[in-house]
Amino acid sequence: MYPELGFKSKPDDRELEILSLWKKRDVFSRSVSERPAENIFSFYEGPPTVNGMPGIHHVFSRTIKDTICRYKTMRGFRVERKAGWDTHGLPVELAIEKQLGFKHKDEIKTFGVEKFNALCKESVYKNIDREHGWQEVTERMAYWVDMEHPYITCTPDYVESVWWALKQFFNKDLIYKGHKIQPYCPRCETALSSHEVALGYATAKDPSVFIKFKRKNTAEEEFFLAWTTTPWTLLANVALAVHPDVEYVTVINKRKDKADERYVLAEPLLHKLDG
């Protein structure tokens, strides 16, 4: 197909020669411009977070996205593929905190929020442009996307566009105030996304205990049995929860040197007393 390449070089060199040929002939841009403007397949890349260098998992996901776009191009669609860079979030801030040796949010305030933000911005742009960074890896894997006109989440025009979109929703009465349970970081003083929670994920063994609660107004040693994985909350306990549709039973614990004890617990949990 490309006789000028010769194919006498190593596989890696062949890839570079093909990439060079595409660039020389402006193949990507022509694959867009030579298709009718009224037959659009719109693609805005879900922007990768550029807090660090790209990894193999980014190559996997981008290969899938590229396959769809190339297929649509072959079907005659005009696929204007806009690149995007996600420059926000705790991963970027944590990288700079680590660089500065900060342990607490107060240190950021003392250092200066404006200076801290400037370092964050400098860091993400460096990850895009540096050797083996996002720009180079994108080109090297032959991922066709418009990186000359990307949307970058820290730029004023992008931030303003988000506010504009929210205003449109507000004007159409599509925004409401509600409540949602969110993981919260007491150190960072902010809510966390699932990805941010995963940054500090670790397998741990949590304590769980069975507690005897003495039943009032009975002469016998009778106790309600309860189980909890948060024993540190016991000091604040004010009530026991029971289920209206669960059968509860009383079990007698025969003791040799002490008075017998009676335990009240849910019947499905009787096996917990084995042994």
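Residues numbered from 1 in each chain as written. Predicted model: local features only at pLDDT ≥ 70, side-chain atom pairs only at ≥ 80, totals over all residues. Heavy atoms only, no water.

Engineer: Kindly report on the pattern of salt bridges, identifying the contributing residues and their values.
Structural biologist: Using the criterion set out here, one finds 15 salt bridges in the structure. Residue R81 is joined to D66 by a salt bridge in which the shortest nitrogen-to-oxygen separation is 3.9 Å. In this pair, R81 sits in strand β2 (residues 81-85) while D66 sits in helix α3 (residues 56-74), placing the two residues 15 residues apart along the sequence. On the accessibility criterion, R81 (2% relative accessible area) is buried. For D66, a relative accessible area of 8% corresponds to the buried category. A salt bridge links E97 to R187; the nearest nitrogen and oxygen atoms lie 2.9 Å apart. Pair noted here: E97 is in helix α4 (residues 90-100) and R187 is in the loop between β4 (184-185) and β5 (190-191), with a separation of 90 residues, a long-range link. When its relative accessible area of 4% is taken as the criterion, E97 is described as buried. Classification of R187 by relative accessible area gives partly exposed; the value is 29%. One continuous salt-bridge network, built from bridges that share partners, spans E45, R62 and K65. (Salt bridge = Lys/Arg side-chain N within 4 Å of Asp/Glu carboxyl O. Helix = DSSP H or I, 4+ residues; strand = E, 2+ residues; numbered from the N terminus. Buried < 20%, exposed > 50% of the residue type's maximum accessible area, 1.4 Å probe, protein only.)

Engineer: Mind laying out the packing of aromatic side chains, listing which residues take part and the relevant values?
Structural biologist: Scanning the model with the defined rule gives 7 aromatic pairs in all. The interplanar angle of 70 degrees and the centroid separation of 5.0 Å between the aromatic rings of W22 and W144 together place this pair among those described as edge-to-face. Here W22 is found in helix α1 (residues 11-25), whereas its partner W144 is found in the loop between α7 (134-140) and β3 (146-152), with 122 residues between them in sequence. You'll find W22 and W144 in the same group, each marked buried. Here the aromatic cluster, defined as three or more aromatic residues joined through ring pairs, consists of W22, F28 and W144. A cation over a ring is seen here: R70 above W144, with NZ or CZ 4.0 Å from the ring centre. (Phe/Tyr/Trp six-rings, centres within 6.5 Å; stacked < 30°, edge-to-face > 60°. Lys NZ or Arg CZ within 6 Å of the ring centre and 35° of its normal.)

Engineer: I'd like to hear about the sheet that holds strand β1 (residues 43-44), residue by residue, with values.
Structural biologist: Spatially, 3 strands are ordered β1-β2-β3 in an open sheet, and the strand pairing comes out parallel. The open sheet terminates on both sides in strands that have one partner only, identified here as β1 and β3. Pairing of β2 with β3 involves 3 bridges; the strand directions are parallel. The partner of K82 across the bridge, within β3, is D146. (Pairing = 2+ DSSP bridges.)

Engineer: Which residues make up the nonpolar core, and what are the values?
Structural biologist: Judged by nonpolar contacts, the single largest core of 19 residues is most densely connected at F43, V50, W85, F116, C120, V145 and M147. Counting only elements with at least two residues in this core, the list comes to β2, α4, α6 (113-129) and β3. Of all the elements, α6 adds the most residues to this core, at 4 residues. Among all residues touching V145, those that are not within four sequence positions of it are F28, E45, R81, K82, A83 and T138. Ranked by size, the runner-up nonpolar core spans 6 residues in total, among them I18, W22, A142 and W144. (Core = buried A, V, L, I, M, F, W, Y, C linked by side-chain atoms within 4.5 Å. Contact = heavy atoms within 4.5 Å.)

Engineer: Please give an account of the state of the cysteines that cites residues and values.
Structural biologist: Put plainly, a disulfide is one covalent bond tying together the sulfur atoms of two cysteines. Under the criterion given, the structure shown has 0 disulfides. The structure places no disulfide on C185, whose sulfur is separated from the nearest cysteine sulfur, that of C188, by 3.4 Å. In this structure C185 comes out as buried when scored by relative accessible area, which is 14%. (Disulfide = S-S within 2.5 Å.)

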